Amino acid sequence: MKKSNQQITRTFQTILLMVLVVFSSAFTTITAQNDPVRLGFIPLTDCSPIVMAKELGLFKKYGVEVVVTKESSWANVRDKILTGELDGAHCLYSMPFSVYTGVGGKAGSEMKIAMMLNVNGQAITLSKDFCGKVGFKQMNKVTPVVAAKLKAEKEVTFAMTFPGGTHDLWLRNWMSIAGLNQKAVKIITIPPPQMVANMKVGNMDGFCVGEPWGGVAVKQGIGFTQVASQDIWKDHPEKALVVNKDFSAKRKADLVKVMKAVMEACIWLDNPVNRKKAAAIIGRAPYVNAPADVIENRLMGNYDLGCNQGTQVYAKDYMLFHKGGMVNFPRKSHAIWAMAQFVRFGYLKEAPNYAAIADKLILDDLYKEVAASMKIKVPNDDMKPFALTMDKTVFDPANPAAYLKVVKR
């Protein structure tokens, strides 16, 4: 009888333990689902969709609580998304591919692209030392001027914001178009909001970064715009809403709500009437912390180039956030192009499995669901050949190897 009682006790304890485990798991799941969604951003004009979704009450409209936090660098954003400290963030669109392939992080680490946030709106800024020696879009003068400075000072330094990130790719494409040997100069990584200060003290001769920092350099008289990224590639992909892998799988409903709110903010931002208000808000200290007039001017396509070059007006190819749905669809062809650049510029010795990686990291099916629910047209141009505006080499996403055989390095 005593033995029987002991067996009953053990059985009861086992059942109780199982109940507690199930309850604990359910409680944890419920708690996680009720947690606010944590979204990060870097102080750049194109963080506007996330910031304005918050400021306009759009997250609340779609029934999701979101905490928005300013981050210090793209590496910081990467680490926080991978560890789950952030559920998602405003992010360089090429960054998930850079990280996964080992260019900008631990190979095999997954960050998911939910949707695109904007096109255009980045720039190559040169220091005032080059003023009068090379002008706006004078690509044929870049290499001779750099060569002369190398002869005089032994070193010329350019900055970008993350290895394999978009600013890195625009910088290297600019060098290629200009005929400038990458190995002849020094390329360093600097977080976006620190670019202007570093140029001011002479730490670099030029940089590639998103607005407003190119405009701020002009306003402060320390640099000038040599070319805008949309001159290199009109309507190029730029920032994306990138999310944590587990968040995208376990809190899909919340992600959908976030995407709808951000999409509505993108539509709102593409109305020129709203851009002045957006500039005033994102210019505040908690966000970009930059002069609202600089943000507004470049948002409206009015570029004071600096160095007595006058103003360049971009009528249809300034920073865009929606464009009738053309902006927000995450294209696999653009992912494959970015990874081909990693091979082209020596980051990768061998070609990665382009299609498989694009399939793994882009949530295009989820995007299509969200777009359909909001009656937004999904473009049908993905995986079709294209060429950049300045570099006319045709890129066929179905055959990156053919492109790499002929494109300038």
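Residues numbered from 1 in each chain as written. Predicted model: local features only at pLDDT ≥ 70, side-chain atom pairs only at ≥ 80, totals over all residues. Heavy atoms only, no water.

Where an unreviewed UniProt entry is consulted, the protein appears under the name CmpA/NrtA family ABC transporter substrate-binding protein, with the organism given as Flavobacterium yafengii. What UniProt records for the protein under Subcellular location (unreviewed entry) is the sentence "Endomembrane system". (UniProt positions renumbered as here; feature names shortened; annotations may be inferred.)

Caption draft 1: Looking closely at the packing of helix 13 (residues 272–282) against helix 14 (residues 292–299). Between helix 13 and helix 14, whose axes approach to 8 Å, the crossing angle comes to 140°. Judged on the interaxial angle alone, helix 14 and helix 13 are oblique. The chirality of how helix 13 crosses helix 14 is right-handed. Listed contacts from helix 14 to R275, K276, A279, A280 and I282 of helix 13 are A292, I295, E296 and L299. (Axes fitted to C-alpha atoms, helices over the stretch in contact; angles between N-to-C directions. Helix = DSSP H or I, 4+ residues; strand = E, 2+ residues; numbered from the N terminus. Parallel < 35°, antiparallel > 145°, perpendicular 65-115°, else oblique. Left-handed = near helix turned anticlockwise from the far one by under 90°. Contact = heavy atoms within 4.5 Å.)

Caption draft 2: Local environment of the sheet that holds strand 1 (residues 37–41). Strand order in the open sheet made by the five strands is 2-1-3-10-4, with mixed pairing throughout. On the outer flanks of this sheet lie strand 2 (66–70) and strand 4 (111–116), each paired with one strand and no other. Strand-to-strand twist in this sheet, taken as the mean axis angle between neighbours without regard to direction, amounts to 35°. In this sheet, strand 3 (residues 88–92) lies alongside strand 1 in parallel orientation, the contact comprising two bridges. In the strand pairing of strand 3, L39 is matched with G88. (Pairing = 2+ DSSP bridges.)

Caption draft 3: Region of interest: the side chain of D87. Looking at where D87 falls in the secondary structure, it is placed in the loop between helix 4 (74–83) and strand 3. A polar contact of 2.8 Å, which involves the side chain of D87, links it to the backbone nitrogen of R38. (Polar contact = N/O pair within 3.5 Å; in protein donor to acceptor, adjacent residues only side chain to side chain.)

Caption draft 4: Structural context of the layout of surface pockets. Size it by volume and the largest pocket reaches roughly 400 Å³. Taken together, 25 residues form the lining of the largest pocket, with D235, M326, R331, H334 and D381 sitting closest to its centre. For the lining of the largest pocket, the element with the highest residue contribution is helix 15 (residues 332–344), accounting for three residues. A per-class count over the lining of the largest pocket returns 16 nonpolar, three polar and six charged. (1 Å grid on protein atoms, 1.4 Å probe; cavity = no way out; pocket = protein on both sides within 12 Å on 5 of 7 lines; lining within 4 Å. Points joined across faces, edges and corners; volume = space filled by probe spheres on them. Nonpolar A, V, L, I, M, F, W, Y, C, P; charged D, E, K, R; others polar.)

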